[in-house]
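Below are the chains, spelled out letter by letter.
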Amino acid sequence: MNAQSLDKSPCPRPQAGSTVEEPEDLRSINGVLEVQLTAFDSVEPGGATRYCYADSAGRESPNLRVIPGDLVVLRLKNLLKEPAKNAAANPHAHAHHPASEDPCSSGIMSAVSTNLHFHGLTIPPVCHQDDVMKTSVQPGDAPFEYRFRIPDNEPPGLYWYHPHIHGFSKDQLLGGASGALIVEGIERARRSVAGLPERVFIIRDQDLVNPNASPAKSEPVVPKFMIDRDGDAANNGTGFGKPAKDLSINYVPVPYPDYPPATIKMRPNEKQLWRVLNASAITYLNLEVLFGRSAQPLQLVAMDGVPIDHNDSRIETQNVQTHIGLPPGARAEFILTGPAEGERGLFVTRTVDTGPGGENDTNRMLAKIVALPNAPEPRSKLQGSPDPLPPPTQAWIGSVRPVRVRHLYFSEKLTDPNDPTSAIEFYLTVDGQEPKMFDMSSEAPNVTAEQGTVEDWIIENRSSELHAFHIHQLHFLLLDYAGTPVNEDFVRDTVNVPYFNGHTLGYPSIRVRMDFRDPNTVGMFPYHCHLLEHEDKGMMGSIRVIPSTDSVKKNNTAAYASSQSNSRP
């Protein structure tokens, strides 16, 4: 009997210890991906609320598989009915409006509102495409149509979709409302993956199933136990003890305190491409694959949907890692060779130091990897003899001079200056502006930029906890991390900003190069911390990208010409 068959929820979930099943694949046909998704929720016996998007056949959070140039027609129906926890106390909650309001302009942010953000895609921030500033679908609305085209130059890789209702994003993601979107063709950029079977693993977090349990006896004793203002376990600096949240892998829960692992089946010594998404609301990951006690090489081929060395697909960089850090919202795609028959394999996440004000992200197992000669083949396999991608038409962003440098910073308001876990308000501020919680109804952007330009942003962290910077509609190049130059050959859309320990002379910061050259970035869209608890409580800003002017085009042409003389071979 299927582990889900006894679960009558509209968002059924497997039992702990189950075999990891892959999400269903919905593929485009003749250049069109047409799909209906319905947003559901239900309250579990323990009081937690589940959320999900299901297709017309009831399949939960399917993979949306597209090819550059495809038209996506997605109709979203809202059948949410249960209020999210603490909704009445949420400062961003709006009164519920009648269904007759225009979903494109209502801006309703409530416990039963929903919408979709297509995280990582470079598509316009306008209604029916990827607007989250005003677009909000209510339970009484007719199915709302998203209609957009995947850009011809969209890098092939792993993207994702999730709700973005400000003030309630954390609740809906904790409940499981998320899914993968895959732009096909990564084998055209990275020949090393050609012909490989591929797996999609979505790691989500959720409220603790056993919040009152004592830690496992196999763990060392943790002398200090702390909770933050929301009742989550605060970082104790050991990597052990009660975590802030439980994790799941493709919805198979791995609950505290014993962390019974899910099961991933592979054929002995099989080489696979693993596409891993951190769809957590607040949990950082530090991923490893262990055979016995030995960390295995993970050949990284893409980050945040963009292949390594995407600026020159003729290069086959061997970027081998033994662990991969993923903040909430980030993705990694890597080649893994599975264990031999009889060899013990584990997929784990190691502890992440989130700072004195952060939450406890502990060491824990996610899944055991079992090598079986008769293991089922993965559902998807990459082309064996792909045509290479054409060379990029724009200069590598690292070679283009920025037109300006901006300074931003994360900060928090504490109720007790001596308690770093007592934050009640969260800010992401442009230097020179007043720190304040983000106002979703404001028409005035915090930043104005021009399409066709490139900028450098220096982002400080003036708080005592780790934050994850994310911006919609574009990717950026990480240039400097905590004072150390970074030489990455890939771009990101989400990155950690290290916390302030109270002892250094200056605040820690990162420097990123923001790319506004694509015309699809024109419009107004947000940037924020991707710990959604922080974003919901105000740690967000808005940017308006205005159309390019003749002078901007001239400057950009000069920057491009300059970059050609300095471009990498």
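One can find the structure itself at the top, above this paragraph.
Now for a look at the structure at hand. Fair warning: this is a prediction, and the values are worked out from it, not measured in the lab.

Conventions adopted
- Residues numbered from 1 in each chain as written.
- Predicted model: local features only at pLDDT ≥ 70, side-chain atom pairs only at ≥ 80, totals over all residues.
- Heavy atoms only, no water.
- Helix = DSSP H or I, 4+ residues; strand = E, 2+ residues; numbered from the N terminus.
- Core = buried A, V, L, I, M, F, W, Y, C linked by side-chain atoms within 4.5 Å.
- Buried < 20%, exposed > 50% of the residue type's maximum accessible area, 1.4 Å probe, protein only.
- Contact = heavy atoms within 4.5 Å.
- Pairing = 2+ DSSP bridges.
- Axes fitted to C-alpha atoms, helices over the stretch in contact; angles between N-to-C directions.
- Phe/Tyr/Trp six-rings, centres within 6.5 Å; stacked < 30°, edge-to-face > 60°.
- Lys NZ or Arg CZ within 6 Å of the ring centre and 35° of its normal.
- Polar contact = N/O pair within 3.5 Å; in protein donor to acceptor, adjacent residues only side chain to side chain.
- Disulfide = S-S within 2.5 Å.
- Salt bridge = Lys/Arg side-chain N within 4 Å of Asp/Glu carboxyl O.

### Overview of unusual backbone geometry
Next up, step 1: With an omega dihedral of 10°, the bond running from Tyr256 to Pro257 counts as a cis peptide bond.
Next up, step 2: With respect to the helices, strands and loops of the structure, Pro257 is situated in the loop between strand E12 (252–254) and strand E13 (262–266).
Next up, step 3: One non-glycine residue with positive phi stands out, namely Asn30, at about 55°.
Next up, step 4: Examined against the element boundaries, Asn30 turns out to sit in the loop between strand E1 (25–27) and strand E2 (32–43).

### Points about the nonpolar core
Next up, step 1: With 32 residues, the main nonpolar core has Trp457, Phe469, Ile471, Met514, Tyr527 and Ile543 as its most contacted residues.
Next up, step 2: If you tally residues by element for this core, the top one is strand E26 (residues 423–430), at four residues.
Next up, step 3: Sequence-distant contacts of Trp457, that is, excluding residues within four places in its chain, are made with Arg406, Leu408, Val447, Phe469, Ile471, Ile510, Arg511, Val512, Met514, Phe516, Tyr527 and Ile543.
Next up, step 4: Counting 30 residues, the second-largest nonpolar core is a separate cluster that includes Val20, Phe201, Leu287 and Leu326.

### Topic: the pairing of strand E3 (residues 49–55)
Next up, step 1: In terms of burial, E3 is largely enclosed, as seven of its seven residues are buried.
Next up, step 2: Alternating residues of E3 divide into Thr49, Tyr51, Tyr53 and Asp55 and Arg50, Cys52 and Ala54, and every residue in both groups is buried.
Next up, step 3: Summarising the sheet, E2 and E3 pair through seven bridges and their orientation is antiparallel. Counterpart to Thr38 in the pairing with E3 is Ala54.
Next up, step 4: Adjacent in sequence and paired antiparallel, E2 and E3 are bridged by five residues, among which Gly47 carries a positive phi angle near 105°.

### A closer look at the sheet that holds E3
Next up, step 1: If you trace the four strands from one edge of the open sheet to the other, you get E3-E2-E5-E7, paired in mixed fashion. Only two strands of the sheet have a single partner each, and these edge strands are E3 and strand E7 (144–149). The sheet shows a mean angle of 20° between the axes of neighbouring strands, direction not considered.
Next up, step 2: Relative to strand E5 (residues 71–78), E2 runs parallel, the two being bridged by eight bridges. Following the sheet pairing, Val35 is matched in E5 by Leu74.

### What about the packing of aromatic side chains?
How two aromatic rings sit relative to each other is given by the distance of their centres and the angle of their planes.
Next up, step 1: Under the defined criterion, the tally for this structure stands at 14 aromatic pairs.
Next up, step 2: Between Phe118 and Phe148, the ring centres sit 4.7 Å apart and the planes meet at 55°, which makes this aromatic pair tilted. Of this pair, Phe118 sits in strand E6 (residues 117–119) while Phe148 sits in strand E7, placing them 30 residues apart in sequence.
Next up, step 3: When its relative accessible area of 0% is taken as the criterion, Phe118 is described as buried.
Next up, step 4: With a relative accessible area of 2%, Phe148 lands in the buried category.
Next up, step 5: An angle of 75° between the planes, with centres 5.3 Å apart, marks the rings of Trp274 and Phe347 as edge-to-face. Of this pair, Trp274 sits in strand E14 (residues 271–278) while Phe347 sits in strand E22 (residues 345–349), placing them 73 residues apart in sequence. Of the two residues examined, Trp274 and Phe347, each falls in the buried class.
Next up, step 6: Among the aromatic residues, those joined into a ring-pair cluster are Trp457, Phe469, Phe476, Phe516 and Tyr527.
Next up, step 7: Positioned above the aromatic ring of Tyr251 is the side chain of Arg204, whose terminal nitrogen or guanidinium carbon lies 3.8 Å from the ring centre.

### Considerations on the side chain of Arg517
Next up, step 1: Mapping Arg517 onto the fold places it in the loop between strand E33 (509–515) and strand E34 (523–529).
Next up, step 2: Only 2.9 Å separates the side chain of Arg517 from the side chain of Asp515, close enough to count as a polar contact.

### Looking at the state of the cysteines
The bond known as a disulfide is covalent and runs between the sulfur atoms of two cysteines.
Next up, step 1: Applying the stated criterion to the full structure yields two disulfides.
Next up, step 2: At a sulfur-sulfur separation of 2.2 Å, the disulfide partner of Cys11 is Cys52. Between Cys11 and Cys52 the sulfur-sulfur dihedral comes to about -80°; the bridge is accordingly left-handed. Highlighted residues: Cys11 in the segment before E1 and Cys52 in strand E3, separated in sequence by 41 residues.

### What to know about the environment of Gly157
Next up, step 1: Topologically, Gly157 is positioned in strand E8 (residues 157–162).
Next up, step 2: A residue is classified by how much of its surface remains accessible, and Gly157, at 0% relative accessible area, is buried.
Next up, step 3: The spacing of Gly157 and Phe500 is 343 residues in sequence and 33 Å in space, taken between C-alpha atoms.
Next up, step 4: In this view, Gly157 contacts Leu181, Ile182, Val183, Arg275, Gly305 and Glu333; residues no more than four positions away in its chain are not counted.

### Some details on the pattern of salt bridges
Next up, step 1: Following the criterion strictly, the structure yields 32 salt bridges and no others.
Next up, step 2: Close ionic contact of Glu184 with Arg65 constitutes a salt bridge, the shortest N to O distance being 3.2 Å. Here the residue Glu184 occupies a position in the loop between strand E9 (179–183) and helix H2 (186–189), and Arg65 occupies one in strand E4 (residues 63–66), the gap between them amounting to 119 residues. The two residues Glu184 and Arg65 agree in class, both being buried.
Next up, step 3: With its nearest N and O atoms 2.6 Å apart, the salt bridge here joins Arg492 to Glu488.
Next up, step 4: Classification of Glu488 by relative accessible area gives buried; the value is 15%.
Next up, step 5: When salt bridges with common partners are traced through the structure, they connect Asp25, Arg27, Arg65, Glu184, Glu198, Arg275 and Glu333 into a single cluster.

### Overview of the sheet that holds E4
Next up, step 1: Taken in spatial order, the five strands line up as E1-E4-E9-E8-E6 in an open sheet, and their pairing is mixed. Every interior strand has two partners, whereas the edge strands, E1 and E6, have only one. Between one strand axis and the next, the sheet turns through 25° on average, direction left out of account.

Spatial relationships are all this shows, so hold off on functional conclusions.
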